[in-house]
Amino acid sequence: MNFSGLIQDFGPLTITGLAQGAIIALFALGYTLVYGVLRLINFAHSEVFLIGSYACLIVWGFFGLDQNSATPNVLSVIGLLLLGLVAAIIFSGLTALGVELVAYRPLRKRNAPPLAFLITAIGASLFISETVGVMTQRNIKGVPPLIQPRDVFVIGNMHVTNLQILIIVLALVSMFLLDRFINRSRLGRGIRAVAQNPDSAALMGVNKSRVISLVFLLGGLMAGIAAVMYDLKIGVTRFDAGFLLGIEAFTAAVLGGIGNLRGALLGGLLLGLLQNYAASLFGTEWLHAASFVLLVLILVVRPTGLLGESLGRARA
Amino acid sequence: NSDSGSDDTASGNCGYKLAFFGALTGSSANLGVNIEQGFELAINQFNEKKGSDCITVAKFDSQGEPGVAPGVARNLVADKKILAVVGPPFSGESEAAVPIFEAAGIPSVSPSATRVSLTANGWKTFHRAVANDDAQGPAAANYIKDVMKAQKVFVANDQSAYGAGLSEVVQKTLGAAVVATDKTEADGKQTDFSALVQKVVSSQATVLFYGGYYQNAGLIRKALTSAGWKGTLVGGDGMKDVGLAKAAGNGPATGTIVTCPCSPPEKAGGTFVTDYKAKWNVDAGTYSDVAYDAANMLLQGIDAGNNTPEKLNTYLKTVEYKGIANTYKFTDTGELDPNFIKVWTFKFDPTGNQIADQEVPTA
Amino acid sequence: MSEPHIETPGEADEANARPVDQAAPVGGTATDQPPVKPIGDVLLEVDNVTLRFGGVVALNEVSFSLRKGEIFGLIGPNGAGKTTCFNVMTGVYRPTSGGIRFQGQSIIGKKKHEITRGGIARTFQNVRLFPEMTALENVMVGADAHHKTSVIAALFRLPRHHREERTGRDRSYQLLRFVGIEHRAGDVARNLSYGEQRRLEIARALATNPTLLCLDEPAAGFNPAEKTQLLALIRKIRDSGVTVLLIEHDMRLVMGVTDRIVVLEFGKKIAEGTPAEVRDNPAVIAAYLGVPADAA
Amino acid sequence: MLLELKDVTLLYGRIQALHGISLAVGEGEIVALIGANGAGKSTTMRAISGLRPVAQGTIHFNGEDITKLRADLRVVRGVSQSPEGRGIFPGMSVRENLEMGAYTRRNRAEINEDLDRVFTLFPRLKEREKQVGGTMSGGEQQMLAVGRALMSRPKLLLLDEPSMGLAPMLIQQIFDIVVEINQQGTTVLLVEQNAQQALSRAHRAYVLETGEIVKSGTGAELLTDPSVKDAYLGVA
Amino acid sequence: MTTEATSSPTPKTPLSAQEKKNAREDRGGVRGWYGRQSKPVRIVLGVVFAALAFLLPYVGEVPLIGPQIVTQGIDWPSALFNMSYYVLLALGLNVVVGFAGLLDLGYVGFFAVGAYTVALLASPDSVLRTEWGWLAAVPIGLTVAMISGLVLGYPTLRLRGDYLAIVTLGFAEIIRIVATSTETLRGDRGFSDIPHPPGEFSDGKPIFGVADAVPYYWLGLAVIILVIFGVRNLDNSRVGRSWLAIREDQEAAEIMGVRTIKYKLWAFAIGAFIGGLGGVMFAGQQGFMNSQTFILQFSILVLAGVVMGGSGNIAGAILGGALISYIPDRLRGIEDPIWGTDLFGFRFAIFGAVIIAIMIFRPQGLIPSRRRAMELKDREKEVAPIE
Ligand SMILES: Nc1ncnc2c1ncn2[C@@H]1O[C@H](COP(=O)(O)OP(=O)(O)OP(=O)(O)O)[C@@H](O)[C@H]1O
Ligand SMILES: Nc1ncnc2c1ncn2[C@@H]1O[C@H](COP(=O)(O)OP(=O)(O)OP(=O)(O)O)[C@@H](O)[C@H]1O
Ligand SMILES: [Mg+2]
Ligand SMILES: [Mg+2]
């Protein structure tokens, strides 16, 4: 164990952890939203993310950009970023809707048992990621260096870069807007109603199918944003990027209390931080193990996660 | 001569099969495909000379997984026309599959399984056309010490048998110059290396030696550059692949040093590099050249009338074959003769190619 | 629906008078007890029990005691703490303070299944059957509470396992018959009608061989005629030697069947006594009954 | 007729719960539906509100065939149900629950007006405006369910056992409110076990038995009908 | 009921027999027919079926159909052996998920524990240097697997369904990471020379050699048959009933006297035991193993197999377990019509599509338990088509 290393690097580890955590948190929202409403682990959410991470790369590819391109000027960067975000959001959203349509809706129509949903989701996840895997020959795809990391400010040995700030701010803003939407808007209330009592919700005039689609869509949008951030931060993507990060996102969602939006944020940030600290303390190879140990410990003490379930709280 | 291969009497030693055994699909397929393509190229060229299908290519997809390998290996040995195997590429699957080749008496030549212990199993039919980790490690360390003159070196590995073995040797050879170490998960299991990068930066090392494969190495190189680290990444043959530059971007990858227990193919003259590109429409990858050599060595043996696995195995015991990447001669245990072990370093240039740098001593 | 299988009050009287051995279906204890023994020794003591949920005081220093062989009523306005009282008695909640003794032994801190095996069984306000199991299987789960064999015996099909399976099955079937739904033994519980489900719950609870049976609003959703049948059934259960604790809002039923009543309001006991005493208690009228109960 | 069911059959899996029932509710009426457990009363309500699909038969509302209409669209047409078991949203406050009742409506001023009306009908709800639904007591939840159903300003209000599990005092109150709502112009279809109370307030009533209508008539008629008395009113 | 019921003595044993029979006869199809046969007939049928299973390695010899069945890129008996340990895993996971309703996404962990214990005790590479025979290591391996089931089960007892899923997933990942990253478990280097099961032919050759997988398959099959008997006995007993009750409503079960903790732990322990069985057999056949085998996708695949086959049903679990191993292997050596490459490369993509298709057309699984089939039929019709 390397305590001195941890203490020495605490600042930098914190900021990189927060940035990673913000991505995880955005990703986790999709799990939490779907779970909150349908009580289903949407296993295919990882592929919603995956498609987003490729979509923006393809769009940037249209402009002839690849990992070896030079960083364009500021205006183009902003334009490209927006375009990439839009593309990722659209494709992630469409994927989420598609998954709902193909893997969930037919089962819902037949009122299938919950496990069946889990398995079709696994099937959809396999299908999408493997198809991408075959198409890309399981090779990595590099990301154009749209944002050259540059220190914005430095505290001690903690260098806070423009990219990290962008990621964290974007995550917080999306999160805040989503939270407002769910808690304040009429549609948001509809979502919560379906989560808490689907039959009653129908009796209030809520269109359940549309709400469910909306939930998948929202999860997809968030995953799309997360995917662009991920691409920029890590610099490559590959067919199983969704699967890997998906497990972490799912862990974060459960950690915070699955079904709870703020829980997803808390869980994501906590996980990002913890992984970095643990990697520094025990070695990078223990990074994932640490997050699972934390998860087990927290669930043993708080069986419904840190903040508990909220979207469908105390569903009868 | 366009006689069909099945007409044994006409061309003497035709109608046999050579097998490739290794990952063609799955996450470890990259190396497998590199090797298979080199292997297949050699056979194609041979057949062009000898008759359209003198020697048939048989491919066996082990997925690179020790759990899958035995079943596939049993399938391989059931085909009595197979005289020898090129593969398995990975050390783990070799452990699982070679006992089955051994039981069937089929010789195998691995172009890339470098785990030291493989030749300690008492196998009679196993050969490797590449130096083991003990040879490459000291060379890499010597290069870091003597050529780069690095005072502070950070050593990390991906915990694969290959990467861990290599980095252990490097660490031992470098001794006090190693300021810190770390381990990562294997390729495809980890993408965020922030913590490792932070450690490297904080250690003030000027060289990071990474024992592992090119994907992780590329990601790490990119993250290091983003974090402003100015040092050099050094690694073994597992990183000698354009994939590293694809992951890192050509800019950050430039200057990265990889060692390889092989000579640059262009040194050997010949047209391998262009032939390969022409046939497969991609550049030759890691160990494509060694696989090509291994296949040619076997083909030469068959052509000389060694048309049973036993004969071919005996042939391998004595042959001294000069290929494009090396000259091959095997010891009793199947190890490459130490006299022929050459280790070269290669350097990534700004276009992502690995340019031969220099030959380095292995001791 | 199931009317033909339910006794009319007159028939119930007949049942009251039936000989000892016929009480056997319900409880083994019945054989060594006279069938009708309205008031006996103290069976259950609730002693100064307080239970808080955060700010809500669901039970506030409640004390009462039940005697063997009586039918005891627990009434009070909505949210008074009646169901909570059951939950405390069956180990679902642990009281904040106070004690509960059953047959002289404290049951605080005991596991739920231990309490059941000790002799307290209950039904639920919102029916909680095992919906995908058949009616018979539901009852057999209750009957299993007193079976000794476990994984090893079942794994190797030891003779004792066979014996217990057989007796359990037979007894469960008898209980279904006792509550009048044996014709639905093979049906999955979720397909039973509400009333049948309530009866099944009673059978399942009886299968655990209880000394004390707690019924939480068993008549909710029953029409008056069905309530009359239920009333007879409750009597019959008591007559077989089981003490009954009853939560109910229907005054006609409560007044007609109970021996004694406790009234709760806001978690506090506000009255206790015979049905007649309670009915005329002004505090109870003000808190619960409103206008003097017309039906009674 | 505001609502008309013709030969409606409904299945739960292999179980046939309704065997071709026909009934009608006129504008401005209170119609009661009584019957034993499992007779199919709640099932009829679910068929009307669209929670369960009917296998055969038609349902007309306000002249329109709504047999195949989604449940949420029927709400827009003016059918509103307070379901068996109350079905409140446990995680939402009392006010949010009530606003859910007005989910399909946009006019803020009208909604506020109706909110006030519900609060006057049930002063208790006003007191507990901020309390979370799940922590309300049974009776309060029942008030909330009825109030919520009113919030959609229904033409037709379906009440499924509004008195179930309520203390005697509250039962009186609920029935008084039903009459009051009706006088304010809402048509009510009422399912009740408390047949005495229901029949004495209903204009007309139907008696259901194992999924079939076996009797109908005015409330008063059925109150005095000996067979009804026998089966549903208990010993007189 | 009334007087008639209370006065007439209850029919005793005939009742239960009749009950059972009724239940059996309710079913249609092959299973219904099987259920209606008399006991001797059923036993004979079972024996014939088992005998056929033992002859499977030679199915390739059967004209016409045989070649369609056997795999191409992988040795057929080896593929059968692989199927056998997948089936074992599916049977074990079925106890945990299908019977007790505990969603376990990390089942491969127990497989790993069984295999690693054998490796540690028997391989010359182990730090223990005990170098036991395979058979001697097996009981220890199974015990350790069972204990690991309890270790996982105990802290997770309070967790509800989906929380349990992620925790089990986490446990399996922790096991994998520990296996990869600790010296003792040798990570990717793995353990070589793990001894094979004992036994020799009369000519002195070992029965369980490296070249022939048939004996391993037979061993696996024999173990499977034993496990089937055990699991079936449990299912048809109060143990099975208790699991079912826990699955449906845990609290109500407890209040009805079911010792939920005990039975949940038993479910974990039995599941882990069977998973461990798979592991020790794998280690014994393999000779070499390292941490690569025990990846998460493996667990998920087995779960998919169980549910696809018919969760809660033994025959279903067997079919599902066999299919998840068979389908990908069978795709070897088949050319795809478009790119002309081996379909094996697409196996998981195809597999994903197959999973979705199967679940949509048979949400209750290929061979559902009687109970689940009924449940679905009911639920299916209940749902509003006007959605
Ligand atoms: N788990 C809980 N958390 C918080 N409050 C609770 C909980 N359970 C019960 N309460 C509160 O405790 C009080 C008593 O509830 P209880 O269910 O015992 O009432 P009851 O007398 O059974 O009423 P009813 O006649 O409606 O069934 C209520 O105010 C209720 O809101
Ligand atoms: N979800 C369901 N699945 C299967 N059968 C059901 C379901 N709901 C009700 N039933 C059956 O349909 C029939 C009618 O039930 P319904 O709930 O309509 O009766 P009800 O008249 O409302 O009775 P209660 O007075 O008990 O509420 C009953 O036989 C019941 O068993
Ligand atoms: Mg209550
Ligand atoms: Mg009803």
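As a reminder, the structure under discussion sits directly above these lines.
The paragraphs below set out a description of the structure included in this document. (Residues numbered from 1 in each chain as written. Chains lettered and ligands numbered in written order. Predicted model: local features only at pLDDT ≥ 70, side-chain atom pairs only at ≥ 80, totals over all residues. Heavy atoms only, no water.)

Things to note about the site of ligand 1
Then, in step 1: In the vicinity of ligand 1 there are 16 residues, among which Gly81, Lys82, Thr83, Thr84 and Gln125 of chain C approach most closely.
Then, in step 2: The site occupied by ligand 1 is bordered by residues of chains C and D.
Then, in step 3: Take glycine 81 of chain C: an N or O atom from its main chain is 2.8 Å from an oxygen atom of ligand 1.
Then, in step 4: Separating an oxygen atom of ligand 1 from a side-chain N or O atom of glutamine 125 of chain C is a distance of 2.8 Å.
Then, in step 5: Relative to its unbound accessible surface of 630 Å², ligand 1 loses 75% to contact with the protein.
Then, in step 6: The biggest single contributor to the shell around ligand 1 is helix H2 (residues 82-89) of chain C, with three residues. (Near = heavy atom within 4 Å. Polar contact = N/O pair within 3.5 Å; in protein donor to acceptor, adjacent residues only side chain to side chain. Areas by Shrake-Rupley, 256 points an atom, 1.4 Å probe, with all protein chains shown as cover. Helix = DSSP H or I, 4+ residues; strand = E, 2+ residues; numbered from the N terminus.)

Section: the side chain of threonine 43 of chain D
Residue and element names in this part refer to chain D.
Then, in step 1: On the secondary structure map, threonine 43 appears in helix H1 (residues 41-49).
Then, in step 2: Owing to a relative accessible area of 6%, threonine 43 belongs among the buried residues under this scheme.
Then, in step 3: Those residues within four positions of threonine 43 in sequence are excluded, and the remaining contacts are Leu10, Tyr12, Ala17 and Leu18. (Buried < 20%, exposed > 50% of the residue type's maximum accessible area, 1.4 Å probe, protein only. Contact = heavy atoms within 4.5 Å.)

A short note on the coordination of the magnesium ion (ligand 3)
Residues and elements named next belong to chain C.
Then, in step 1: Around the magnesium ion (ligand 3), the protein contributes the donor atoms Thr83 (OG1) and Gln125 (OE1), at 1.9 to 2.2 Å from the metal centre. Highlighted residues: threonine 83 in helix H2 and glutamine 125 in the loop between strand E6 (120-122) and helix H4 (135-144), separated in sequence by 42 residues.
Then, in step 2: Taking relative accessible area as the criterion, glutamine 125 reaches 28% and is therefore assigned partly exposed. (Donors = N, O, S within 2.8 Å, 3.2 Å for Na, K, Ca; no water.)

A look at the interface of chain D and chain A
Then, in step 1: Residue-level contacts link 23 residues of chain D with 22 residues of chain A.
Then, in step 2: With both sides pooled, the region where chain D packs onto chain A buries about 2100 Å², and carbon together with sulfur makes up 56% of that total.
Then, in step 3: Salt-bridge contacts for glutamate 99 of chain D lead to arginine 189 of chain A; the nearest nitrogen and oxygen are separated by 3.3 Å.
Then, in step 4: Linking chain D with chain A are five residue pairs in polar contact (both at pLDDT 80 or more), by the criterion used here.
Then, in step 5: Contributing elements (two or more residues each) for the side of chain D that touches chain A: helix H2 (71-77) and helix H3 (94-101) of chain D. (Buried area = accessible area lost by both parts, 1.4 Å probe. Salt bridge = Lys/Arg side-chain N within 4 Å of Asp/Glu carboxyl O.)

So, the state of the cysteines
Residue and element names in this part refer to chain B.
Then, in step 1: By the definition in use, this model includes two disulfides over all chains.
Then, in step 2: Each sulfur in the disulfide pair cysteine 14 and cysteine 54 lies 1.8 Å from the other. Between cysteine 14 and cysteine 54 the disulfide shows an S-S torsion of about -100°. By sign, it is left-handed. Linking cysteine 14 in the loop between helix H1 (8-11) and strand E1 (16-22) with cysteine 54 in the loop between helix H2 (29-50) and strand E2 (55-61), this pair joins segments that are 40 residues apart in sequence.
Then, in step 3: On the basis of relative accessibility, which here comes to 2%, the residue cysteine 14 falls in the buried class.
Then, in step 4: Taking the relative accessible area as the measure of exposure, cysteine 54 reaches 1% and is therefore buried.
Then, in step 5: A disulfide bridge connects cysteine 260 with cysteine 262, and the sulfur atoms are separated by 2.1 Å. (Disulfide = S-S within 2.5 Å.)

Observations concerning the pattern of salt bridges
Then, in step 1: Considering all chains together, one arrives at 53 salt bridges over all chains under this definition.
Then, in step 2: Across the salt bridge formed by arginine 128 of chain C and aspartate 249 of chain E, the nearest N and O atoms sit 2.8 Å from each other. Of this pair, arginine 128 of chain C sits in the loop between E6 and H4 while aspartate 249 of chain E sits in the loop between helix H11 (238-248) and helix H12 (250-255), each in a different chain.
Then, in step 3: On the basis of relative accessibility, which here comes to 25%, the residue arginine 128 of chain C falls in the partly exposed class.
Then, in step 4: Here aspartate 249 of chain E falls in the buried class, since its relative accessible area comes to 12%.
Then, in step 5: With a closest N to O distance of 2.8 Å, aspartate 250 of chain C and lysine 227 of chain C form a salt bridge.

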